[in-house]
Amino acid sequence: WADLLIGKDTVRVINLHLKSTTITAQDMQFVEGHEYVLDTARNSKLKSIADKLAENNIFRSAQAKKVEEFIIASQPRKMIVCGDFNDVPLSYSYNLIAQSLVDTFIAAGSGYTYTFNGFFKLLAIDHMLTTEHFDILSYEVDYSMNYSDHYPIISRLKLKQDKKKQ
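Residues numbered from 1 in each chain as written. Predicted model: local features only at pLDDT ≥ 70, side-chain atom pairs only at ≥ 80, totals over all residues. Heavy atoms only, no water.

**Re the pairing of strand β5 (residues 126–130)**
Then, in step 1: A large share of β5 lies buried, amounting to five of its five residues.
Then, in step 2: Because side chains alternate across β5, one face comprises the buried residues Asp 126, Met 128 and Thr 130, and the other comprises His 127 and Leu 129, equally buried.
Then, in step 3: As defined by bridge partners, strand β3 (residues 78–84) adjoins β5 across five bridges and the pair is classed as antiparallel. Note on β5: the bridge partner recorded for Val 81 is Leu 129.
Then, in step 4: Examined bridge by bridge, strand β4 (residues 102–103) and β5 share two bridges and lie antiparallel to one another. When the sheet's bridge partners are listed, Val 102 is paired in β5 with Thr 130. (Buried < 20%, exposed > 50% of the residue type's maximum accessible area, 1.4 Å probe, protein only. Helix = DSSP H or I, 4+ residues; strand = E, 2+ residues; numbered from the N terminus. Pairing = 2+ DSSP bridges.)

**With respect to the packing of aromatic side chains**
Then, in step 1: Going through the model one piece at a time under the given rule, you end up with seven aromatic pairs.
Then, in step 2: Geometrically, the ring pair formed by Phe 85 and Tyr 94 is tilted, given 6.1 Å between the ring centres and 50 degrees between the ring planes. With respect to class, Phe 85 is no different from Tyr 94; both count as buried.
Then, in step 3: Aromatic side chains Tyr 114 and Tyr 151 sit 6.0 Å apart centroid to centroid with 75 degrees between the ring planes, which places their arrangement in the edge-to-face category. Here Tyr 114 is found in the loop between α4 (104–108) and β5, whereas its partner Tyr 151 is found in the loop between β6 (134–141) and β7 (153–159), with 37 residues between them in sequence. Neither residue differs from the other here; Tyr 114 and Tyr 151 are each classed as buried.
Then, in step 4: Among the aromatic residues, those joined into a cluster by ring pairs are Tyr 112, Tyr 114, Tyr 143 and Tyr 151.
Then, in step 5: Taking NZ or CZ as reference, Lys 19 lies 5.6 Å from the ring centre of Phe 59, over its face. (Phe/Tyr/Trp six-rings, centres within 6.5 Å; stacked < 30°, edge-to-face > 60°. Lys NZ or Arg CZ within 6 Å of the ring centre and 35° of its normal.)

**Some thoughts on the sheet that holds β5**
Then, in step 1: Here we have five strands laid out as an open sheet, ordered β1-β2-β3-β5-β4, and mixed in their pairing. Taken across any chain shown, the strands that pair with only one partner, and hence form the sheet edges, are β1 (2–6) and β4.
Then, in step 2: Contacts between helix α2 (residues 42–74) and the sheet are confined to β2 (9–17) and β3, with β2 contributing the most and set at about 180 degrees to the helix. (Contact = heavy atoms within 4.5 Å. Axes fitted to C-alpha atoms, helices over the stretch in contact; angles between N-to-C directions.)

**Observations concerning the pattern of salt bridges**
Then, in step 1: This model, assessed by the stated rule, comprises five salt bridges.
Then, in step 2: We note a salt bridge from Arg 12 to Asp 3, for which the minimum N-O separation is 2.8 Å.
Then, in step 3: Judged by its relative accessible area of 7%, Arg 12 falls in the buried class.
Then, in step 4: Taking relative accessible area as the criterion, Asp 3 reaches 35% and is therefore assigned partly exposed.
Then, in step 5: Ionic pairing is found between Lys 65 and Glu 68, a salt bridge with its closest N-O pair at 2.9 Å. On the criterion of helical spacing, the pair formed by Lys 65 and Glu 68 is a turn pair, its members being three residues apart in helix α2.
Then, in step 6: What emerges from the salt-bridge pattern is a single network uniting Asp 3, Arg 12 and Arg 77. (Salt bridge = Lys/Arg side-chain N within 4 Å of Asp/Glu carboxyl O.)

**Comments concerning helix α1 (residues 25–32)**
Then, in step 1: Where α1 is concerned, the buried positions are Asp 27, Met 28, Phe 30 and Val 31. The arc that holds every buried residue of α1, seen down its axis, measures 160 degrees, which confines them to one face. Set apart from the buried face of α1 by more than 90 degrees, the exposed residues are Ala 25 and Gln 26.
Then, in step 2: On the buried face of α1, the contacting elements are α2.
Then, in step 3: One or two positions beyond α1, positive phi appears at His 34, with a value near 55 degrees. (Arc of directions from axis to C-beta.)

**Comments concerning the pairing of β2**
Then, in step 1: Two strands pair when backbone bridges link them, and β1 and β2 are joined in this way by five bridges, in the antiparallel orientation. Looking at β2, one finds that Leu 5 is bridged to Thr 10.

Shown next as structure tokens:
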């Protein structure tokens, strides 16, 4: 995290990377390529993938609890929380972190989006959240950026004017 001085306002930016699913490229190919259809060892391979997902979900939940505690301790500060959550918006980890924040996709996005370049392009696992101190002007995912297995989120934010300062 870092505190940024913007004009006379201090904004805390928390950038996070929660535990990976540890699903390998080979695991992805096994699922995406439908290799499990003909594989006689499919049950053990699918169980191994499911076990990794479950184990790392528990690990991310513990990490999310620490992030939530830090967010609570940082309030009422103006904040932006962003990064690779490795979890979708329906997950426990995402909801624990996001509970007092505004998701920039919900505020300014539309339609369907994904941020992970894999698993059938179904997963939005990178997120940007803010406190209510911001107007969220836009949200987009830049699919032209192919430097990672994740696509960057770009949100334009504007600090709301503090009524006390006017």
